[in-house]
Amino acid sequence: MFDYGGEPAPTGPRHLRVRGGTALTGSIDVKTSKNAGVALLCASLLNRGPTVLRRVARIEEVNRILRVLDSMGVEHEWLSPEGDLRLQPPERLDLTRIDADAARRTRSIIMFLGPLLHDYPEFELPFAGGCELGDRTVEPHLTALRRFGLAVERSHGCYRATVKEHVEPPRSIVLTERGDTVTANAIMAAARFPDVTVIRNASCNYQVQDLCWYLEKLGVRIDGVGTTTLTVYGREHIDEAVDYAPAEDPIEAWSLVAAAIVTESEITVRRTPIEFVEIELALAEEMGLAYSRSPEYLAANGRTRLADLTVHPSPLRAAPDKIHPMPFPGLNIDNLPFFALLASCAEGGTMIHDWVYENRAIYLTELNRLGARVKLLDPHRLQVEGPVQWSGAEVVCPPALRPAVVLLLAMLRAQGTSELRHVDVIHRGYEQLAERLQLLGAEIEAF
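Our subject in this report is the structure included herewith.

Criteria and cut-off values
Residues numbered from 1 in each chain as written. Predicted model: local features only at pLDDT ≥ 70, side-chain atom pairs only at ≥ 80, totals over all residues. Heavy atoms only, no water. 1 Å grid on protein atoms, 1.4 Å probe; cavity = no way out; pocket = protein on both sides within 12 Å on 5 of 7 lines; lining within 4 Å. Points joined across faces, edges and corners; volume = space filled by probe spheres on them. Nonpolar A, V, L, I, M, F, W, Y, C, P; charged D, E, K, R; others polar. Helix = DSSP H or I, 4+ residues; strand = E, 2+ residues; numbered from the N terminus. Core = buried A, V, L, I, M, F, W, Y, C linked by side-chain atoms within 4.5 Å. Buried < 20%, exposed > 50% of the residue type's maximum accessible area, 1.4 Å probe, protein only. Contact = heavy atoms within 4.5 Å. Pairing = 2+ DSSP bridges. Axes fitted to C-alpha atoms, helices over the stretch in contact; angles between N-to-C directions. Phe/Tyr/Trp six-rings, centres within 6.5 Å; stacked < 30°, edge-to-face > 60°. Lys NZ or Arg CZ within 6 Å of the ring centre and 35° of its normal.

### Structural notes on empty space enclosed by the protein
So, point 1. All chains considered together, the criterion is met by five cavities of 30 Å³ or more.
So, point 2. Approximately 130 Å³ is the volume found for the largest cavity.
So, point 3. Every residue lining the largest cavity is counted, 14 residues in all, and those nearest its centre are L45, R48, L93, D119 and Y120.
So, point 4. Taken together, the residues of the lining of the largest cavity break down into eight nonpolar, one polar and five charged.
So, point 5. Space inside the second largest cavity adds up to approximately 60 Å³.
So, point 6. Residue lining of the second largest cavity: L16, L408, V423, I426, H427, Y430, Q432, L433 and A434, and that is the complete set.
So, point 7. Listed by contribution, the elements that provide at least two residues to the lining of the second largest cavity are α13 (424–427) and α14 (433–438).
So, point 8. Here the residues of the lining of the second largest cavity sort into seven nonpolar, two polar and no charged.

### Observations concerning the layout of surface pockets
So, point 1. Considered as a void within the structure, the second largest pocket measures approximately 400 Å³ in volume.
So, point 2. Around the second largest pocket sit 17 residues that line it, and L117, H118, E165, F193 and E236 are the ones nearest its centre.
So, point 3. Tallied by class, residues from the lining of the second largest pocket come to eight nonpolar, three polar and six charged.

### A closer look at the nonpolar core
So, point 1. Judged by nonpolar contacts, the single largest core of 79 residues is most densely connected at L367, W390, L409, I426 and L437.
So, point 2. Sequence-distant contacts of L367, defined by excluding residues within four places in its chain, comprise A340, L341, A372, V374, W390, V406, L407 and A410.
So, point 3. By size, the runner-up hydrophobic cluster in this structure holds 74 residues, among which are W78, I98, F123 and L142.

### Concerning the sheet that holds strand β3 (residues 51–53)
So, point 1. With respect to topology, four strands assemble into an open sheet ordered β4-β5-β3-β13, the strand pairing being mixed. Looking at which strands have only one partner, the edges of the open sheet turn out to be β4 (75–78) and β13 (242–244). Going across the sheet, the axis of each strand differs from the next one's by a mean of 15°, ignoring polarity.
So, point 2. The sheet contact formed by β4 and strand β5 (residues 85–88) spans four bridges and is antiparallel. Looking at β5, one finds that E77 is bridged to R86.
So, point 3. Along the sheet, helix α2 (residues 60–71) contacts β4 and β5; its crossing angle with β4, the most-contacted strand, is approximately 140°.

### Some details on the sheet that holds strand β18 (residues 316–317)
Sheet strands pair via backbone hydrogen bonds, and the direction of the pair is either parallel or antiparallel.
So, point 1. In space, the four strands of this open sheet follow the order β18-β19-β21-β20, with mixed pairing throughout. Edge positions in the open sheet fall to β18 and β20 (373–378), since each of these has one partner strand only.

### A look at helix α10 (residues 336–344)
So, point 1. A large share of α10 lies buried, amounting to nine of its nine residues.
So, point 2. Among the residues making up α10, those that are buried are L336, P337, F338, F339, A340, L341, L342, A343 and S344.

### Let's talk about the packing of aromatic side chains
So, point 1. Counting across every chain of the model gives six aromatic pairs.
So, point 2. Geometrically, the ring pair formed by F276 and F328 is tilted, given 4.8 Å between the ring centres and 40° between the ring planes. In this pair, F276 sits in the loop between β14 (266–273) and α9 (278–286) while F328 sits in the loop between β18 and α10, placing the two residues 52 residues apart along the sequence. Like F276, the residue F328 is buried in the burial classification.
So, point 3. The side chain of R17 reaches across the aromatic face of F447, ending 4.1 Å from its centre.

What follows is the structure, encoded as structure tokens:
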């Protein structure tokens, strides 16, 4: 898919043809985290020195951020086929030439606010984009960053930012939303603020932990990593050569576990960040999932606990209570759609409650085209009945990453041939997913 000697090639096939009903077998490694990767790309702007990130996922979301960084003058170089990436910022970023098209295609652009406010008293950023998941306000970001002197006006499709010259130290900030990107923005603002900042109601999710450990390698002391209260000891100037390896992706890990469950296959999902899927495993175990796990070992960052999970074919029963997400250490919001798939394979009825996004539950009703019985109760709640007889169908990918992958996995179970059209959204968050499933025996043809 990629030419590693130069720039990434186009992101791959537009459509996938799936011949379902075949059990999968073998082992598969989890790639590094998409969300941590893009947060670290944004955080590299805090550092005047070179940043090397190891095994970065070669996905469209990363490509878009790199296009934006390139347009601002940041040099990047892929060092190896494994995805090692070197970044070198210029002495001064050129914010007048920002690639607006790439920026508008990713919500991650909002995480440029925290780094840029340190050196640029005025700048503009295009509106954040990404998946179509209903109203996703940026107000919690602006509320937190206002304490560092940032003021933002919305005008003509962009955020116009101005930064006060002299700001009283925030001392303590309470985030109005315990979001991952909100927390990342606040941390990056605090990282170069020459004082101590306490951030309360912080997310302690996987990408936030990776960001903190990266900043620690840059000399920024952060106490409380893994908790909801972070104390950041900022450094006004950062000029370090840093080499960091983000941990594996718990959402991809759970996607692969779901692939094994829905196809009734025995698959080993290696390098699973176990701490960040423990609630998902506990819920699936209540539904009848049988699995085994290896002893734990550490990721390349030396912090994140990994384990190899082997999923065993097992009959499922409906969850005894509704399934809903919560901030970490609760069930991850990005893993919730996969439980609609599991519930369709289980005996009985299950309610799925996606209280975060207005529109994503609607996209999961597309499973009905493949034989599922998913009923939309309101914009946030689904009633799923199972088990069902899956059958092949032609479906257009919804404009949301996780529901699109759910449809692909359901097609692996469905008897006959299915077609999933316009799969670009899957390339946004998964590296060569179809090709890697093929190595497990999936019959998937790109066209």
